[in-house]
Amino acid sequence: MSLSDAFDRVPRFLRSFYFLTGLCFLVWMFVFDANDFVKQYDMYAKWKELQTDKGYYLREIDKVKNDRAELLSSSELLEKFAREKYIMKRPGEDVFVLVPQQEKE
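Please read all numbers here as calculations on a predicted model, not as lab measurements. (Residues numbered from 1 in each chain as written. Predicted model: local features only at pLDDT ≥ 70, side-chain atom pairs only at ≥ 80, totals over all residues. Heavy atoms only, no water.)

Focus on the side chain of D36
Turning to step 1, where the next piece is worked out: Turning to its location among the elements, D36 is positioned in the loop between α2 (17–32) and α3 (37–73).
Turning to step 2, where the next piece is worked out: With no salt bridge to any partner, buried D36 finds its closest opposite charge in K39, at an N-O distance of 5.0 Å.
Turning to step 3, where the next piece is worked out: Apart from residues no more than four positions distant in its own chain, D36 is found in contact with M29, F30 and V31. (Helix = DSSP H or I, 4+ residues; strand = E, 2+ residues; numbered from the N terminus. Buried < 20%, exposed > 50% of the residue type's maximum accessible area, 1.4 Å probe, protein only. Lys, Arg positive; Asp, Glu negative; His and termini not counted. Salt bridge = Lys/Arg side-chain N within 4 Å of Asp/Glu carboxyl O. Contact = heavy atoms within 4.5 Å.)

This is the structure in structure tokens:
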């Protein structure tokens, strides 16, 4: 069997210039291009991760806005928040911070 016989057995449309050019283009785009499929998949996964992060941060912003509105509405809540969160005290007071003891393994 010679090379020309093997070449003749290949269907004519597979030997077409346009088919071979299109095949080379697809191989180039899928494997060698700067934006190949692996990079596209990685970018899509990163985009999905950023979308979930965006949802988390939007929920956190809503929480902070609600806390801020609540704190600005009442001076008692503002004092409670300052004492609990920032361990602030009135003059002449002593503050004791109790830290739970961790169990030894």
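What follows picks up the thread again.
Describing the packing of α3 against helix α4 (residues 75–86)
Turning to step 1, where the next piece is worked out: At a minimum axis separation of 5 Å, α3 and α4 run at an interaxial angle of 120 degrees. With respect to each other, α3 and α4 are oriented oblique. For the pair formed by α3 and α4, the contact residues are E70, L71 and S73 on the first element and S75, L77, L78 and F81 on the second.
Turning to step 2, where the next piece is worked out: Class assignment of the residues belonging to the contact of α3 with α4 gives a composition of four nonpolar, two polar and one charged. (Axes fitted to C-alpha atoms, helices over the stretch in contact; angles between N-to-C directions. Parallel < 35°, antiparallel > 145°, perpendicular 65-115°, else oblique. Nonpolar A, V, L, I, M, F, W, Y, C, P; charged D, E, K, R; others polar.)

Points about the confidence of the model for the chain
Turning to step 1, where the next piece is worked out: Per-residue pLDDT for the chain averages 85, and the proportion of residues at 70 or more is 98%.
Turning to step 2, where the next piece is worked out: When pLDDT is averaged over each element of the chain, α3 comes out on top at 92 and helix α1 (residues 3–9) at the bottom at 78. (pLDDT = per-residue confidence, 0-100.)

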